[in-house]
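Remarks on the overall topology
Below, each chain spelled out in residue letters.
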Amino acid sequence: MLESYVTPILMSYVNRYIKNLKPSDLQLSLWGGDVVLSKLELKLDVLEQELKLPFTFLSGHIHELRIHVPWTKLGSEPVVITINTMECILKLKDGAQPEDHESCGSSSTNRSTTESTKSAVKSRRVQQSASPDPDLPPGYVQSLIRRVVNNVNIVINNLILKYVEDDIVLSVNITSAECYTVDEFWDRAFMDISATDLVLRKMINFSDCTVCLDKRNASGKIEFYQEPLLYKCSFRTRLHFTYDNLNSKMPSIIKIHTLVESLKLSISDQQLPMFIRIMQLGIALYYGEIGNFKDGESEDLICHTKDILGNITGTEDEASLVMQYPAQYTSQDPYLHQDDDQQQGWVSWAWSFVPAIVSYDDEENDSSGIDDGTAEQQKSQSLKDPIISVGFYCTKATVTFKLTEMQAESSYYSPQKVKSKEVICWEQEGTTVEVLMKGELFFDCQIGFVGCQAMCLKGIMGIKDFEENMNRSDEEACFFNCGENLSAKGMTYLTNSLFDYRSPENNSIRAEFILDAAHHKETYTEIAGMQRFGAFYMDYLYTMESTSGKVSGNQQDLSSVKSEDLGNVQEMSTKSLIVGPLNLRLDSSAVHRIMKMIVCALEHEYEPYSKTKPDIMDGNRTMPSSEEIASLEEYIPTRLTTFTVLKCTIIIPVAEFNLLDHLLPIIMGEKNLSGLLNAASFQPLRPLPSIRILVDKVNLEHSVPMYAEQLVHVVSSLGQPSDNLLHYCYSHCYLKIFGFQAALTSLDSKGLYCIPVPVIPSFSTAVYGKLIKFHKYWTKRAHVPLTECIFELPNLTVQATRAQTLLLQTIYQSWCHPVGNVSSVVVNEALLNEVFQTSGVKSKNPLPTLEGSIQNVELKYCGTSLVKCASGTVGSIKICAKAPGDGGKEKLIPLIQGPSDTRDLHSSKWLNESRKPESLLAPDLVAFTIQIPQYMDYCHNSVDCSKQDV
């Protein structure tokens, strides 16, 4: 009977993760078609061992577990597994995590743990497989079991996960989650993999997901509950698995994409430090600063992800071999041909969406019936890494920041209540997060969104600037916007996702992926990213190649290769961040809200997850060999980051109110000595004079060696390192600004800006700097620069009338000199009329303008262990006055000009002419060099020693 095959599979899963079960009672219940288990305790040690996460389970239990097996319709109806109320509590592991140095997927700890259960599992397999039904052919059984496992439905009602750390309590509550098999139209169906359609599709629906972030006291209790970060959010996940053939143990392509229609986050001032702490935890886990990862690049994450995927989809134990395809079986008795060292992941039992994946890192081929050649061939096939695509898509996301205050209650015993007030809101449309990886050799992450804006809400610090009774427009409330509207842009953020009807998977076409670094850079350019998104685009690419053959799949071996010989493995890491055209208005309302968020984030500081290691000099350093130096000369891995901003517009108006003296001391690390704030009336100032800054493009490049400590350790030990090796021992930064210009403008009562009055015409500039890594290794190398900086300015011109200068001074003073709760800045109307001429009306008396320009400025700074040096040149300088002349022409009166030909100084017309250098080869106006010695005692001692030697 089929029961003799299916029942052991279900029993093995349940018994593995649940304590104190009686297999006899469970077996009788399963044969009846339904089993109900109540108040179950999970085996926490098994979960920790198989998840391999840097977390410890404090508790875990299931209120009720139901299993429904339709024995009469097993080939057409799914097995339904229902979990009612599952709760787990986790915390970060203490200490240095004992599993830090275990290799991925093949640790000796895992193998030794399974040794104790090896004999029990073996005997259970033999007992379970001793009496199969002889009337059922093996091929039919295996095919049927595969169909059953491929169509298992998982339903979880009321899933509760809690994470505790310090005073943080993060809880996730999902009302309902269901995983089921679907057809090519993503409709619920009973499907199986066939030779003509080597695809398996799954759907997971999450209903009413609520995320809470609360603070507990020293006794571990939560005194009052904050509003949820996320309240009753529903989303759906599509899973698509493509196999090469029916005999494949692992899918060749795995796609897991999630879509959220609406995501509304709410963060209070008390939750903000805790939220930042959770984000820091994720970053620390990624970079291997804590947990069972090692320092390095994303291959750590990929290796761990592969291990997780092996656990998700099962290893080759009592269930997985049954779930394989008929060609993989050599006997009617499947359990006798298992590998005893394999472990079955708990997520496989929970989701079971990819029955054919195995954890091949630990795989050992069974010697019975398989010769060495066949075993080696199967092993090489299993070592083929799948292409994994993970995507998250959100149509509209809203993040609201709130300020809270305790509300007094009439009764002493009444619980404390928190009153919150929204002050700032961030809206984002068309968000995409996509990750593409293939083993350890390729990892790419792309993030982008179509449009975003930030708005002021209600009041801030007693200033009721955006209360409902103010009747201010949405345009005034919006102080930041970037990108385009989603309705105008279209659904480009879903391109090639499983939710895009044009994607290859939704048209029965095998998808193709770009896994070559050169081809990737040619395809995903700055223009392509802006065309798809418009507001923001980030592309993080990591690739790894081996110059000496295949890269070992063992992460521990790979790490040793990096530390001993950086040249054998060629790694590359690039991050490209692009921000589209944006508009930013830094008025009083926006600045105070932003500064208040910074103050709230700094109010509670946590201990960092990883502390910077002190620079320890290794006195017993061995000289590298010539082969090692040659490999370093050939290639040194680096991390390159580029950040680009296109078409930036920044408006800085007069401060309508200024309370920065209450915020800046806290940000600067001082105590706030200011008095209490009192609520004050607020009236918008119109017209509102402002400074408008336009920038065509800002480009920032930063590069740093990927393994700086090992590299500096080797290069600093060389007597005369080459310039190439020294170049890679620095972190380099290059900032370029194109088309920077500034002007004065004014906002009228209708919300319109007047024609800008230019103050600084367009100019470009560039700054380059480099800083040596681990400078203590270079203290005795007087010729090696520790810091170097270069500034270049081809041309800069500033022009302003007396009225424009006074208006600029007024704007400056309104921000830098607070005068109480509300700024008493009063802008003279006559001054505004003098600065901003009415359009179409010609001024009768043009005002004289003072103009200053400077050209060909180059400044350099260099610091070594013995001397600091600054030098620079100024090509020319010119300060002149422009006054109205005869016939409507401007009259130019030079005040300072150089270099200048003074041969006609005695002539009267010399003062009335504008002179330029005779040629570009003319001498610079100013050239200077300043040197400041450092460590004078050391210098004198070295001089004395040299004299004694003479």
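What you are looking at is a predicted structure, and each value in this text was computed from that prediction instead of being measured.

Summing up its helical and strand segments, the protein chain has 23 helices and 26 strands in all. By residue count, 47% of the 950 residues in the protein chain fall in the buried class. In the protein chain, once contacts between residues fewer than 6 apart in sequence are set aside, the share between residues at least 24 apart is 76%. Total accessible area computed for the protein chain in this model is approximately 47600 Å², and 56% of it derives from carbon and sulfur atoms.

The subject of this paragraph is the side chain of Ser690. Tracing the chain through its elements places Ser690 in strand β19 (residues 688-705). For Ser690, a relative accessible area of 1% puts it in the buried group. Of the polar contacts made by the side chain of Ser690, one reaches the backbone oxygen of Leu688; its length is 3.2 Å. Excluding anything up to four places from it in sequence, Ser690 contacts Ile651, Ile652, Pro653, Ala743, Leu744, Thr745, Tyr753 and Ile811.

Turning next to the side chain of His240. Checked against the element boundaries, His240 lands in strand β7 (residues 230-242). His240 sits in the buried class, given a relative accessible area of 4%. Beyond its immediate chain neighbours, meaning those up to four positions away, His240 contacts Trp186, Val199, Leu200, Arg201, Ile253, Ile254, Lys255, Leu498 and Glu505.

Next up on the list: the packing of helix α6 (residues 271-286) against helix α16 (residues 588-602). Where α6 contacts α16, the axes come no closer than 7 Å and their chain directions differ by 70 degrees. Classed by the angle they form, the pair α6 and α16 counts as roughly perpendicular. Taken together, the residues of α16 that come into contact with α6 (itself represented by Leu272, Pro273 and Ile276) are Met597, Cys600 and Ala601. For the contact of α6 with α16, the residue count by class is six nonpolar, no polar and no charged.

Let us now look at the packing of aromatic side chains. Evaluation of the coordinates by the stated rule reveals nine aromatic pairs. Here Tyr734 and Tyr768 contribute two aromatic rings whose centre-to-centre distance is 6.1 Å and whose plane-to-plane angle is 90 degrees, an arrangement assigned as edge-to-face. You can see Tyr734 sitting in strand β20 (residues 730-747) and its partner Tyr768 sitting in strand β21 (residues 757-772), a full 34 residues away along the chain. Taking the relative accessible area as the measure of exposure, Tyr768 reaches 22% and is therefore partly exposed. Taking the centre distance of 6.4 Å and the plane angle of 75 degrees together, the rings of Phe774 and Tyr777 count as edge-to-face. Given a relative accessible area of 23%, Phe774 falls into the partly exposed group. Positioned above the aromatic ring of Tyr501, the side-chain terminus of Arg502 is 5.6 Å from the ring centre. The residue whose ring lies beneath Lys736 is Tyr734, and the NZ or CZ to ring-centre distance is 5.0 Å.

Turning our attention to the pattern of salt bridges. If you walk through the whole model with that rule in mind, you get 25 salt bridges. Notably, a salt bridge pairs Lys402 with Glu227, separated by 2.6 Å at the nearest N-O pair. Within this pair, whereas Lys402 is found in strand β9 (residues 387-407), its partner Glu227 is found in the loop between β6 (199-215) and β7, the two being separated by 175 residues in sequence. When its relative accessible area of 10% is taken as the criterion, Lys402 is described as buried. Where salt bridges share partners, they join Arg472, Glu476, Glu656 and Arg686 into one cluster.

Among the surface-exposed residues, Leu859, Leu925, Val926, Phe928, Ile930 and Ile932 lie close enough to one another that they form a single nonpolar patch of about 460 Å² accessible area. In terms of residue count, strand β26 (residues 926-933) provides more of the nonpolar patch than any other element does, four residues in total. Inspection of the secondary structure puts Ile930 in strand β26. The class for Ile930 is partly exposed, based on a relative accessible area of 45%.

Here we come to α6. The end-to-end C-alpha distance of α6 is 23 Å, a good match for the 22 Å that 16 residues give at a rise of 1.5 Å each. Buried within α6 we find Gln271, Leu272, Pro273, Met274, Arg277, Leu281, Ala284, Leu285 and Tyr286. Positive backbone phi, at 75 degrees, marks Gly288, one or two positions downstream of α6.

Quick look at the confidence of the model for the protein chain now. The share of residues in the protein chain with pLDDT of 70 or more is 74%, and the mean pLDDT across the chain is 78. Scored below 50 in pLDDT, residues 292-382 shows 255 contacts in the model against residues more than four places distant or in partner chains. Scored below 50 in pLDDT, residues 938-950 makes three contacts in the model with residues more than four places away or belonging to other chains.

In this chain, Arg686 is followed by Pro687 through a cis amide linkage whose omega measures -5 degrees. As for its position among the elements, Pro687 is in the loop between α18 (664-667) and β19. Looking along the chain, the bond that leaves Gly898 and enters Pro899 is cis, with omega of -5 degrees. With respect to the helices, strands and loops of the structure, Pro899 is situated in the loop between β25 (890-898) and β26. For Thr85, which is not glycine, the phi torsion reads 65 degrees and is therefore positive. Not every positive phi belongs to a glycine, and Lys232 is a case in point at roughly 50 degrees. Along the chain, the position of Lys232 falls in strand β7.

In this section: the nonpolar core. Grouped together as the largest cluster of nonpolar side chains are 144 residues, with contacts concentrated most on Leu65, Ile67 and Leu744. Sequence-distant contacts of Leu65, that is, excluding residues within four places in its chain, are made with Val14, Ile18, Val35, Val36, Leu37, Leu40, Ile81, Thr82 and Ile83.

Within helix α3 (residues 44-51), seven of the eight residues are buried, which leaves it mostly tucked inside the rest of the structure. All buried positions along α3 are accounted for by Leu44, Val46, Leu47, Glu48, Gln49, Glu50 and Leu51. Trailing α3 by a residue or two, Lys52 shows a phi angle of about 55 degrees, which is positive.

What follows concerns the environment of Val152. Residue position: Val152 is located in the loop between α5 (138-150) and β4 (153-165). Counting along the chain gives 73 residues from Val152 to Val79, while the straight-line C-alpha distance between them is 4.9 Å.

So, about the environment of Asn828. With respect to the element layout, Asn828 can be found in the loop between α21 (802-816) and α22 (829-835). On the basis of relative accessibility, which here comes to 47%, the residue Asn828 falls in the partly exposed class. On a C-alpha basis, the gap between Asn828 and Leu807 in space is 9.1 Å, while along the polypeptide they are 21 residues apart. Within the structure, Asn828 has its side chain in polar contact with the backbone nitrogen of Ala830 (distance 3.0 Å).

Here the focus is the environment of Ala766. Mapped onto the fold, Ala766 is located in strand β21. Look at Ala766 and you get buried, because its relative accessible area is 13%. For the pair formed by Ala766 and Leu700, sequence separation is 66 residues and the distance between their alpha carbons is 9.8 Å. Each residue touching Ala766, except ones within four places of it in the same chain, is listed here: Tyr734, Leu735, Lys736, Ile790, Phe791 and Glu792.

Procedures and definitions
Residues numbered from 1 in each chain as written. Predicted model: local features only at pLDDT ≥ 70, side-chain atom pairs only at ≥ 80, totals over all residues. Heavy atoms only, no water. Helix = DSSP H or I, 4+ residues; strand = E, 2+ residues; numbered from the N terminus. Buried < 20%, exposed > 50% of the residue type's maximum accessible area, 1.4 Å probe, protein only. Contact = heavy atoms within 4.5 Å. Areas by Shrake-Rupley, 256 points an atom, 1.4 Å probe, with all protein chains shown as cover. Polar contact = N/O pair within 3.5 Å; in protein donor to acceptor, adjacent residues only side chain to side chain. Axes fitted to C-alpha atoms, helices over the stretch in contact; angles between N-to-C directions. Parallel < 35°, antiparallel > 145°, perpendicular 65-115°, else oblique. Nonpolar A, V, L, I, M, F, W, Y, C, P; charged D, E, K, R; others polar. Phe/Tyr/Trp six-rings, centres within 6.5 Å; stacked < 30°, edge-to-face > 60°. Lys NZ or Arg CZ within 6 Å of the ring centre and 35° of its normal. Salt bridge = Lys/Arg side-chain N within 4 Å of Asp/Glu carboxyl O. Patch = residues over 30% accessible without salt bridge, like charges linked within 9 Å, V, L, I, M, F, W, Y side chains within 5 Å. Expected span 1.5 Å × (residues − 1). pLDDT = per-residue confidence, 0-100. Core = buried A, V, L, I, M, F, W, Y, C linked by side-chain atoms within 4.5 Å.

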